[in-house]
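A structural walkthrough
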Amino acid sequence: MDVKIEASWKEVLESAFKRHSFSQLVTHIKAETASGITVYPPGNLIFNAFAQTPFPQVKVVILGQDPYHGPGQAHGLSFSVPNTVPFPPSLLNIFKEIVDDVGGEMPVSGNLTHWAQQGVLLLNSVLTVRANEAASHANIGWMEFTDTVISSLSEKKQGLVFLLWGKFAQDKQVLIDETRHFVLKAPHPSPLSAYRGFLGCKHFSRTNDLLVQQGLSPINWNPTTNQS
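Presented here is an overview of the structure given in this document. For clarity, every value in this text was computed on a predicted model and none was experimentally measured. Every residue gets a number counted from 1 within its own chain, in the order that chain's sequence is written. Two thresholds apply to this predicted model, a pLDDT of at least 70 for residue-level local features and 80 or more for giving and counting side-chain atom pairs, whereas whole-chain, interface and lining totals are computed over all residues. Computation of side-chain values: all heavy atoms of the structure, hydrogens and water removed.

**A short note on the overall build of the protein chain**
Going along the chain from the N terminus, every DSSP run of H or I of four or more residues is numbered as a helix, and every run of E of two or more is numbered as a strand. Scanning the protein chain for helices and strands turns up nine helices and six strands. Radius of gyration here is computed from C-alpha atoms only, and the compact-globule reference equals 2.2 Å multiplied by the residue count raised to the power 0.38. Relative to the 2.2 N^0.38 estimate, which gives 17 Å for 228 residues, the radius of gyration of the protein chain is 17 Å and therefore close to what a compact globule would have. Each principal axis of the C-alpha atoms in the protein chain carries an extent, and together these give about 45 × 35 × 30 Å. Sequence separation of 24 or more characterises 65% of the internal contacts of the protein chain that already satisfy a separation of 6 or more. Using the Shrake-Rupley algorithm and a 1.4 Å probe, accessible areas are obtained, with residue cover drawn only from the displayed protein chains. Carbon and sulfur atoms form 53% of the exposed surface of the protein chain, whose accessible area is close to 10300 Å². Computing the positive centroid from 17 side-chain charges and the negative centroid from 18, the protein chain places the two 2 Å apart. Between two residues, a contact is recorded if the distance between any of their heavy atoms is within 4.5 Å. Asp and Glu count as negative and Lys and Arg as positive, but His and the ends of the chain are not part of the count. By convention, the charge on Lys lies at NZ, on Arg at CZ, on Asp at CG and on Glu at CD.

The structure is reproduced here in structure tokens:
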């Protein structure tokens, strides 16, 4: 199957695109949209995380569950929303932790494209969702595909920092070779669990410390600071 995805990822994931399960996944989504069901994000943004963070540039991986299911929210980057869209509760807690951890003012936009372009792969385990139906595409084959993404990163790269927030993300830890990579774990930033240890986890400064130790440039998590 000829999938329109960033070239370096297309090469890395070539075998995944040839699987029957991926073909079935595409057929399922096309059938839903043809029947009038609204699917988020728009088709041209399903692989946005890969477009914004080519494989050679990946330094950090933040794993989400599935896209936001409200209108105008999902744009293919985990936890991120387009400019002018109000912050979802989990993203608000992420920003609170960033301000506490690395400083600056509260960001004015929930668009995390500037993270992605610095090497932060904002990967949801499920890449599509039906409008107003959370987790509605959880069992159509996306997780097999994104597990392959995580395994490929683990096998082909060195020194990545994986941020696993909440049990769902932490269940993917088995796919990561921790002799080659770093894993930071915390509760999910959702209001239901953030107070159990996400707030105060300092994952953003800790990630930068791990990158700098490897001679890599740190991530500017908050444009309102003067981080390098």
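**Considerations on the environment of S217**
Mapped onto the secondary structure, S217 falls in the segment after α9 (203-213). Expressed as a C-alpha distance, the spacing of S217 and F17, which sit 200 residues apart in the sequence, is 32 Å. Ignoring sequence-local partners within four residues, the contact set of S217 consists of K59 and L211.

**Section: the packing of helix α5 (residues 89-102) against α9**
Between two packed helices, both the angle of their axes relative to each other and the distance between the axes serve to describe the pair. In this analysis, axes come from line fits to C-alpha atoms, helices being fitted only over the stretch in contact, and the angle between any two N-to-C directions falls in the range 0 to 180 degrees. Contact geometry for α5 and α9: axes closest at 8 Å, N-to-C directions at 60 degrees. One way to sum up the angle between α5 and α9 is to call them oblique. Contacts between α5 and α9 involve I94, E97, I98, D101 and V102 from the first element and H203, F204 and S205 from the second. In the scheme used here, Gly and all other residues not listed as nonpolar or charged are polar, with Ala, Val, Leu, Ile, Met, Phe, Trp, Tyr, Cys and Pro taken as nonpolar and Asp, Glu, Lys and Arg as charged. Looking at side-chain class alone, the contact of α5 with α9 contains four nonpolar, two polar and two charged residues. An angle below 35 degrees is treated as roughly parallel, one above 145 as roughly antiparallel, one from 65 to 115 as roughly perpendicular, and anything else as oblique.

**Quick word on helix α7 (residues 142-156)**
By this rule the span expected of a helix is its residue count minus one, scaled by 1.5 Å. Its 15 residues give α7 an end-to-end C-alpha distance of 21 Å, which sits within 8% of 21 Å, the value for a rise of 1.5 Å per residue. With a 1.4 Å probe rolled over the protein chains alone, any residue whose accessible area is under 20% of its type maximum counts as buried; one over 50% counts as exposed, and the rest are partly exposed. The set of residues buried in α7 consists of W142, F145, T146, T148, V149, I150, S151, S152, L153 and S154.

**Comments concerning the pattern of salt bridges**
Each reported salt bridge corresponds to a side-chain nitrogen of Lys or Arg within 4 Å of a carboxyl oxygen of Asp or Glu. Taken as a whole, this structure holds seven salt bridges when the rule is applied. Note that E144 is salt-bridged to R19, the shortest N-O span being 3.7 Å. Of this pair, E144 sits in helix α7 while R19 sits in the loop between α2 (14-17) and α3 (20-34), placing them 125 residues apart in sequence. Residue classification places E144 among the partly exposed residues on the basis of a relative accessible area of 40%. By relative accessible area, which is 29% here, R19 ends up partly exposed. Here E133 makes a salt bridge to R130, at a shortest N to O gap of 3.0 Å. Owing to a relative accessible area of 36%, E133 belongs among the partly exposed residues under this scheme. Among the residues examined, R130 registers a relative accessible area of 18% and is labelled buried.

**Section: the environment of K185**
Position of K185 among the secondary structure elements: in strand β6 (residues 182-186). Those residues in contact with K185, other than ones at most four positions away along the chain, are L164, Q170, Q173 and H203. Counted as a polar contact is a pair of N or O atoms within 3.5 Å, where, for protein atoms, one must be capable of donating a hydrogen and the other of accepting one, and residues adjacent in sequence contribute only when both atoms are in side chains. Among the polar contacts listed, one links the side chain of K185 to the side chain of Q173, at a separation of 3.1 Å.

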